Amino acid sequence: MPKKCIKCEKIVYCSDLCSEHFKGYFEKKIKRTIKKFDLFDRKDKLGVAVSGGKDSTTALYILKKLGYKVEAITINALINGYSRKNLANLRKFCKKYNIRLYEFCFKDEFGYSLKKITEMARKKGLNYSYCFICGVLRRYLINKYAKKLGFDCLVTGHNLDDEAQSFIMNVFRNDLILARRQGPISGERKSRHFVKRVKPLYLCTEKETTAYSKLMQFPVNYKPCPCREGAYRKEYADMLDDFEKKHPSIKYNIIQFFLRTVYKMKDKDIVKDEKGGIGICRQCKEPCANKICKRCEILNALKEKKK
Ligand code: SF4
Ligand SMILES: [Zn+2]
Ligand SMILES: [Zn+2]
């Protein structure tokens, strides 16, 4: 017998609710998250960092629907057909909902695609994964253009699963600096160098976001990025999925633990960390944990090649 919705007689679609009740529940959850963590208000100009995936598209759609001032910003890392398809989907989506989309590209900014940059960095002894380099360079560009475009907040589509993975990764690496930068409002919360980053899907699971995106028939790509295979993060995602199957709510509990502890830590507590706290990159003068930030390290490897 198919399970029935806990609120009506219809068949369950997701989270013990039929499709209609699930839609209302999901949208309300995001509204509550914005309020609970005081993420932004109606006068803020929000830049939503979109990838063409289900999470950021869902965040963009709901914020627009709730009446916030939103614009979209995307970074094309030139991952062959994957990036092309995502960009086509984004253009279609933004056109349909009348949302301004800003597009920036690795080739224009750095001269090369993600794959090429990763190869070049590896030749210089920087043995980083595609995802690591992609993340560092994307964050840099998004922050740079968010400042230029005058966004008050930068919205990302990170969901509860992403955040639980990140926290456990940081625990396993004993990286208090990075762990402290996580959360519904993330990054260097008080730094004038960074636009405030906020995560309205913070309490929505991966399963719920996928269900919502499919229900709304958003034009998004559900296939994983071809560069993701073998990435370190995937090992954590698989591990937590296994645990969640055996012990439901484990991801939620990880997030609650984080919010009650590390998220509340003050800068002075972090400085006590054995890595010496937050410093300034000697080259770009942006905050970082080492003498030279990862972005400068990667970009230096490209410059040397061009000589
Ligand atoms: S999966 Fe990794 S390489 Fe692919 S877009 Fe995401 S961060 Fe970049
Ligand atoms: Zn129902
Ligand atoms: Zn730097």
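Criteria and cut-off values
Every chain's residues receive numbers from 1 upward, in the order its sequence appears when written. Note on labels: chains are lettered from A, ligands numbered from 1, in written order. Residues qualify for local features only when their pLDDT is at least 70, as the model is predicted, and side-chain atom pairs are given and counted only at 80 or more; totals for whole chains, interfaces and linings, by contrast, use all residues. Numbered from the N terminus, helices here are DSSP runs of H or I no shorter than four residues, and strands are runs of E no shorter than two. Radius of gyration: over C-alpha atoms. The globule rule applied is 2.2 Å multiplied by the number of residues raised to the 0.38 power. Comment: burial labels come from other C-beta atoms within 10 Å of the residue's own C-beta, placed from the backbone, where a count of 20 or more is buried, 12 or fewer is exposed, and between is partly exposed. By the convention adopted here, residues make contact when the C-beta atoms placed from their backbones lie within 7 Å. To decide nearness, the C-beta atom of each residue is placed from the backbone, and the residue is near a molecule or strand if that atom lies within 6 Å of it. Lys, Arg, Asp and Glu make up the charged group, whereas Ala, Val, Leu, Ile, Met, Phe, Trp, Tyr, Cys and Pro make up the nonpolar group; the residues left over, Gly among them, are polar. We define a nonpolar core as a collection of buried residues of the types Ala, Val, Leu, Ile, Met, Phe, Trp, Tyr and Cys that are connected via C-beta atoms lying within 7 Å of each other. Crossover handedness is defined here as right-handed if the route from the first strand over the helix to the second strand goes clockwise, with the strands pointing away from the viewer. Strands pair, by our definition, only if DSSP identifies at least two bridges between them. To obtain each axis, a line is fitted to C-alpha atoms, and for helices this fit is confined to the stretch in contact; angles are then taken between N-to-C directions over 0 to 180 degrees. Crossing handedness follows the turn of the near helix against the far one: under a right angle anticlockwise gives a left-handed crossing, and clockwise gives a right-handed one.

Explain the overall build of the protein here, please?
For the protein, the count of helices and strands is 13 helices and eight strands. Taken over the C-alpha trace, the protein has a radius of gyration of 20 Å; the compact-globule value for 307 residues is 19 Å, and the two agree within 12%. Taking the principal axes of its C-alpha atoms as reference, the protein extends roughly 70 × 45 × 40 Å. Put simply, the protein has 307 residues, and 34% of those count as buried. The long-range fraction of contacts in the protein, counting pairs at least 24 apart against all pairs at least 6 apart in sequence, stands at 69%.

Even after reading the chapter, I still don't get the site of ligand 1, so can you show me in this structure?
The immediate surroundings of ligand 1 are formed by Ala 77, Tyr 130, Cys 131, Cys 134, Gly 135, Cys 225, Cys 227 and Arg 228. Taken together, the residues that form the shell around ligand 1 break down as six nonpolar, one polar and one charged.

It is not clear to me how the nonpolar core should be interpreted in this structure. Could you clarify?
Inside soluble globular proteins, nonpolar side chains tend to come together where they are buried. Residues Leu 46, Val 48, Leu 63 and Val 155 are the most contacted members of the largest nonpolar core, which totals 64 residues. Sorting elements by how many residues they give to this core places helix H6 (residues 130-148) first, with eight residues. Once residues lying within four places of it in the same chain are set aside, the contact partners of Val 48 are Ser 56, Ala 59, Leu 60, Leu 63, Val 70, Ala 72 and Val 155.

Where do I start with the pairing of strand E1 (residues 45-49) in this structure?
Both faces of the sheet carry side chains from a regular strand, because those side chains alternate between them. For E1, a buried count of four out of five residues is recorded, marking the element as mostly surrounded by other parts of the structure. Regarding topology, helix H2 (residues 54-65) serves as the crossover connection from E1 to the parallel strand E2 (residues 69-76), and that connection is right-handed. One ladder, built from three bridges, connects E1 with strand E4 (residues 153-155); its direction is parallel. When the bridges of E4 are listed, Gly 47 appears paired with Leu 154.

What exactly am I supposed to notice about the packing of helix H7 (residues 160-172) against helix H11 (residues 250-260) here?
In helix packing, the relevant descriptors are the interaxial angle and the interaxial distance, both defined with respect to the helix axes. Contact geometry for H7 and H11: axes closest at 9 Å, N-to-C directions at 65°. Judged by the twist between their axes, the crossing of H7 over H11 is left-handed. Residue-level contacts link Leu 160, Asp 161, Glu 163, Ala 164, Phe 167 and Ile 168 of H7 to Lys 251, Tyr 252, Ile 254, Ile 255 and Phe 258 of H11. Each residue belonging to the contact of H7 with H11 can be placed in one class, and the counts come to eight nonpolar, no polar and three charged.

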